[in-house]
Amino acid sequence: MRLVALPVLLCVAAVAAHAGGVAPNLSRNGRSAHVNYMTECQGCHLPDGSGQKGSVPSMKAELHRFLTVEGGREFLVQVPGSANSKLSDADLAALLNWLIPKMGGTAADGFQPYTPEEIATYRSQRLVDVTGTRAALVAKFDQPETSSVN
Ligand code: HEC
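Looking at an unreviewed UniProt entry, the chain carries the name Cytochrome C, with the source organism given as Sphingosinicella microcystinivorans.

(A) Structural detail: the coordination of the iron atom of the ligand. Inspection of the coordination sphere of the iron atom of the ligand shows a single protein donor, His45 (NE2), at 2.0 Å. Following the sequence through the fold, His45 ends up in helix H3 (residues 42–45).

(B) Spatial organisation of helix H9 (residues 130–139). Arg134, Leu137 and Val138 are the residues of H9 that are buried. Along the long axis of H9, the arc covered by the buried residues comes to 100°, so they all point the same way. Buried positions along H9 lie against helix H4 (63–66) and helix H5 (72–78). Its side-chain oxygen placed 3.5 Å from the backbone nitrogen of Thr131, Asp129 serves as the N-cap of H9.

(C) Inspection of the environment of Gln112 at higher detail. For Gln112, the location among the structural elements is in the loop between helix H7 (89–103) and helix H8 (116–123). Look at Gln112 and you get exposed, because its relative accessible area is 56%. For the pair Gln112 and Leu67, spaced 45 residues apart in sequence, the C-alpha separation works out to 9.7 Å.

(D) Layout of the site of the ligand. Around the ligand lies a shell of 19 residues, among which Cys41, Cys44, His45, Ser55 and Arg134 are the nearest. Between the ligand and the protein, one listed contact pairs a nitrogen atom with a side-chain N or O atom of His45 at 2.8 Å. Taking Arg134, its side chain carries an N or O atom lying 2.6 Å from an oxygen atom of the ligand. Structurally, the ligand is housed in the largest pocket.

(E) Layout of the pattern of salt bridges. Using the criterion set out here, one finds six salt bridges in the structure. One salt bridge in this structure joins Glu118 and Arg73, with 2.6 Å as the shortest N-O distance. Of this pair, Glu118 sits in helix H8 while Arg73 sits in helix H5; the two residues are 45 residues apart in sequence, bridging distant segments of the chain. Across the pair, exposure class does not vary: Glu118 and Arg73 are buried alike.

(F) Molecular detail of helix H2 (residues 33–40). For H2, the complete set of buried residues consists of Ala33, Asn36 and Tyr37. For H2, the angular spread of buried residues about the axis comes to 105°, placing them on one side. Taken together, the buried residues of H2 touch H3 and H7.

(G) Here's a closer look at the packing of aromatic side chains. By the definition in use, this model includes four aromatic pairs. The interplanar angle of 85° and the centroid separation of 5.0 Å between the aromatic rings of Phe66 and Phe141 together place this pair among those described as edge-to-face. Taken together, the residues Phe66 in helix H4 and Phe141 in the segment after H9 connect sequence positions 75 residues apart. The same class applies to Phe66 and to Phe141, which are both buried. Ring geometry for Phe111 and Tyr114: centres 5.9 Å apart, planes at 65°, overall edge-to-face. The pair formed by Phe111 and Tyr114 is uniform in burial state, with each residue classed as buried. These aromatic residues form a ring-pair network of at least three members: Phe66, Phe75 and Phe141. One Lys or Arg, Arg73, reaches over the ring of Tyr114 and ends 4.3 Å from the middle of that ring.

Quick notes on the rules
- Residues numbered from 1 in each chain as written.
- Predicted model: local features only at pLDDT ≥ 70, side-chain atom pairs only at ≥ 80, totals over all residues.
- Heavy atoms only, no water.
- Donors = N, O, S within 2.8 Å, 3.2 Å for Na, K, Ca; no water.
- Helix = DSSP H or I, 4+ residues; strand = E, 2+ residues; numbered from the N terminus.
- Buried < 20%, exposed > 50% of the residue type's maximum accessible area, 1.4 Å probe, protein only.
- Arc of directions from axis to C-beta.
- Contact = heavy atoms within 4.5 Å.
- Polar contact = N/O pair within 3.5 Å; in protein donor to acceptor, adjacent residues only side chain to side chain.
- Near = heavy atom within 4 Å.
- 1 Å grid on protein atoms, 1.4 Å probe; cavity = no way out; pocket = protein on both sides within 12 Å on 5 of 7 lines; lining within 4 Å.
- Sits in = over half its atoms within 2 Å of the grid points.
- Salt bridge = Lys/Arg side-chain N within 4 Å of Asp/Glu carboxyl O.
- Phe/Tyr/Trp six-rings, centres within 6.5 Å; stacked < 30°, edge-to-face > 60°.
- Lys NZ or Arg CZ within 6 Å of the ring centre and 35° of its normal.

Structural data, given as structure tokens:
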């Protein structure tokens, strides 16, 4: 059975790759973005996004800054807390589209919502060096940031 199924799976993967993208997972778990944040994220990020000094950076009025630098939009999806969550691409899109404006900041005003397709694409590109990538993005911000991971 396994031997029969494998070529079929490889074939499906090849077709998906040939189509030039990853198929987004559009299933929804039926929970609002806020509830998904409460169950999947706030254990580390806290209910108000303020994080934990020394280990989890504050997102309050900070998250939007990533949107102002090249690669930042991708980073918000590729960071392990987002990318490795059990949320589908559609639920993660809804969560980030709720969270980013909620955390405030000027770039959040003109924020273009993520589509599930965009989430699927960014998620398929794994970040090898999370800390290094984050530091490089933060270094491109206009003002020094107020919180740091270290
Ligand atoms: C186990 C703790 C933990 C959980 C759970 C977690 N995060 Fe995070 N998150 C972090 C840490 C630590 C960082 C800083 C970057 C890094 O080292 O991963 C971070 C960074 C981020 C960032 C980028 C902001 C920045 O300043 O780096 C976003 C966006 C984010 N997380 C979203 C989420 C979302 C959405 C969820 C839930 C689906 C989530 N996180 C769950 C720990 C967590």
